[in-house]
Amino acid sequence: MIDVATPALNVSRLHYAYPDGRAALRGVDLTIAPGERVALLGPNGAGKTTLVLHLNGILHGGGGTVEVSGLPVTPGDRPAIAEIRRRVGIVFQDPDDQLFMPTVAEDVAFGPANSGVRGAELDARVDEALAAVGMSDHRDHVPHHLSFGQRRRVAVATVLAMRPEILVLDEPSSNLDPASRRELAEILESLPVTLLMVTHDLPYALELCPRSVILDTGRIAADGETAALLSDRELMRGHRLELPFGFDPAAAAASRADRS
Amino acid sequence: MGAGHAHPLYLDRAGRVHRLAPEVKIVAVLLFTIVVVVTPPTRFWAFAGYALLIAVLAATARVPAFWLLKRATIELPFVLLAVVLPFAGHGERVEWLGLSLSIEGLHGAWNIFAKGTLGVLASLLLAATTTMRDLILGLDRLRVPSVFTQIATFMLRYIDVLADDARRMRIARLSRGYDPRFLWQVKAFAVGVGSLFLRSYERGERVYLAMVSRGYTGRLPQPAHDRAPARQWAMSAALPLASAGIAVAAAVLT
Ligand SMILES: Nc1ncnc2c1ncn2[C@@H]1O[C@H](COP(=O)(O)OP(=O)(O)OP(=O)(O)O)[C@@H](O)[C@H]1O
Ligand SMILES: [Mg+2]
């Protein structure tokens, strides 16, 4: 990790409790360098989604700070928040929540249009983002009539169109068939952005992210090389993380190293 | 606008009227309807003229007469109401085939029937030639408050999603032996409706978060299409102008 560069993301002593009193984050510290790809692992209810919603200032007010490339997330400051939301692109778990415009192209245009992009440049952005996820042929389609995997890809495109510095994905591989899952991995791997990926799909984490962070009961429980974390049986069992039957992280990591 | 967002009343034809900008068509139909409504019901010639205009319009839009008439049946309940009026009306009466009819009632019935039919036909023509998306776009360009057009946009998008949710929940109920024929199982249906509501409410919240994450601040970006050219306004002005002409002519001649 490069120490001199400003981190792409710097979360420090972040706390959060939901209005009903449930503490979801209890002092999270996390630093991600520009260009890094990090997997955020942890059992159900660990606080992963809650943490993600802090990264662009949707949730706030529990104490602690979040900085994106040196710019602090200050909830009251509208221009600053607008800039943060341009820098941090979040792809939500359910594409139906993300795609709300009547056509694919309009949906992809929504984000950049909000940051003031218009006319020919907007069209170029839409084309570029749809091409990146291989969905150019569907630009005038109704999102609802696409397959789940296609909708997930369009959801990624809606965020790519904003040219974010940090791409945050909440369980991107869930509900995808193996081929779509692999294609999405290829897309993500080819993007020149900092990546934070929430996932329960441990082989996917190993494939895409050299580094992983385990979040449990609102705290960072482990932070290190993905292959090392996944191979630590004690650690894994302690946080309700289980590898698929027959999966050997060491062998998978080795074959991955061969391939690249 | 490409595939999709055809509603049941939309008729996909590559006609001239289809290509007109939506706001232009909306204004034309609105003005036409106003002229029709303010025409006194006794100017019978005027109504014949309006009907002729509609026929010409339908021909230009390449909407078949039968298609139009079939859909115009939605006004039947009102027509039935109109049929009652001559019998129930007060005042002077005429004998017709042994029936005693009120003249005032006859005029009332004609008034409802003629104006209702013309209004329905004009609206159907608008619907047949304009997709839902374009209708909303047209309203937006006509400066209809954005709350309305935004709500309409979301409805358009999520009505399918909701219908799908409802269908999935119904299938899940049926698969677990639910049989709505039995009265005591009505509860499951009621609970289903309740949870559908909750689901849509929670979805609304999640959708809102996703929108805010992409920089939404309360106003949907305006689609960057060009405004309708003056030529289109001029072309569609033909409908209200012709109907106004007919109204004036009928007023002068009678
Ligand atoms: N809107 C809410 N109101 C109250 N409590 C909530 C709300 N959303 C989440 N929580 C609680 O906060 C805790 C963290 O939830 P969060 O959604 O961040 O978990 P997660 O790690 O994303 O889990 P999963 O893997 O199931 O998605 C959970 O205990 C959850 O019950
Ligand atoms: Mg979650």
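Higher on the page you've got the structure.
All of these numbers come straight from a predicted model, not from anything done at the bench.

Peer 1: Sorry, what's going on with the side chain of B:Ser236 here?
Peer 2: Residue and element names in this part refer to chain B. As for its position among the elements, Ser236 is in helix H10 (residues 230-253). The exposure class assigned to Ser236 is buried, which follows from its relative accessible area of 11%. Contacts of Ser236, omitting those with residues within four sequence positions, involve Leu20, Val24 and Ala28.

Peer 1: Is there a simple way to explain the packing of aromatic side chains in this structure?
Peer 2: How two aromatic rings sit relative to each other is set out by the distance from centre to centre and by the angle between their planes. Residue and element names in this part refer to chain B. Using the criterion set out here, one finds seven aromatic pairs over all chains in the structure. Between Phe32 and Tyr50 the ring centres are 6.1 Å apart and the planes differ by 80°, which places this aromatic pair in the edge-to-face class. Of this pair, Phe32 sits in helix H2 (residues 22-38) while Tyr50 sits in helix H3 (residues 44-61), and the two are 18 residues apart along the sequence. Take Phe32: its relative accessible area is 0%, and that puts it in the buried class. According to the relative accessible area criterion, Tyr50 is buried, its value standing at 0%. By way of ring pairs, the aromatic residues Phe32, Phe44, Phe47, Tyr50 and Trp110 are connected into one cluster.

Peer 1: Looking at this structure, I do not really get the sheet that holds strand S1 (residues 9-17) of chain A. What am I missing?
Peer 2: Sheet strands pair via backbone hydrogen bonds, and the direction of the pair is either parallel or antiparallel. Residue and element names in this part refer to chain A. Pairing in this open sheet of four strands is antiparallel, and the strands run S2-S1-S4-S5 from one edge to the other. Only two strands of the sheet have a single neighbouring strand rather than two, namely strand S2 (23-32) and strand S5 (71-72). Relative to S2, S1 is paired through seven bridges, and the arrangement is antiparallel. In the sheet register, Val11 faces S2, and the bridge partner there is Leu30.

Peer 1: Explain the packing of H2(B) against H3(B) here, please?
Peer 2: Each pair of packed helices can be summarised by the angle the axes make with each other and by the distance between the axes. Residues and elements named next belong to chain B. Taken N-terminus to C-terminus, the directions of H2 and H3 make an angle of 160°; their axes are 11 Å apart at the nearest point. The angle between H2 and H3 falls in the class roughly antiparallel. When you trace H2 past H3, the crossing you get is left-handed. Of H3, the residues touching H2 (which contributes Phe32, Val35 and Val36) are Phe47, Tyr50, Leu53 and Ile54. Across the contact of H2 with H3, the residue classes tally to seven nonpolar, no polar and no charged.

Peer 1: Would you mind showing me how to read the site of ligand 1 here?
Peer 2: All names here are of chain A. Around ligand 1, a shell composed of 14 residues is seen, among which Asn44, Gly45, Lys48, Thr49 and Thr50 lie nearest. Within the side chain of Arg22, a nitrogen or oxygen atom sits 3.4 Å from an oxygen atom of ligand 1. Between ligand 1 and His200, the relevant distance is 2.9 Å, taken from an oxygen atom to a side-chain nitrogen or oxygen of the residue. The protein chains hide 67% of the 640 Å² of surface that ligand 1 would expose on its own. A per-element tally of the shell around ligand 1 places helix H1 (residues 48-54) first, with three residues.

What counts, and at which threshold
- Residues numbered from 1 in each chain as written.
- Chains lettered and ligands numbered in written order.
- Predicted model: local features only at pLDDT ≥ 70, side-chain atom pairs only at ≥ 80, totals over all residues.
- Heavy atoms only, no water.
- Helix = DSSP H or I, 4+ residues; strand = E, 2+ residues; numbered from the N terminus.
- Buried < 20%, exposed > 50% of the residue type's maximum accessible area, 1.4 Å probe, protein only.
- Contact = heavy atoms within 4.5 Å.
- Phe/Tyr/Trp six-rings, centres within 6.5 Å; stacked < 30°, edge-to-face > 60°.
- Pairing = 2+ DSSP bridges.
- Axes fitted to C-alpha atoms, helices over the stretch in contact; angles between N-to-C directions.
- Parallel < 35°, antiparallel > 145°, perpendicular 65-115°, else oblique.
- Left-handed = near helix turned anticlockwise from the far one by under 90°.
- Nonpolar A, V, L, I, M, F, W, Y, C, P; charged D, E, K, R; others polar.
- Near = heavy atom within 4 Å.
- Polar contact = N/O pair within 3.5 Å; in protein donor to acceptor, adjacent residues only side chain to side chain.
- Areas by Shrake-Rupley, 256 points an atom, 1.4 Å probe, with all protein chains shown as cover.

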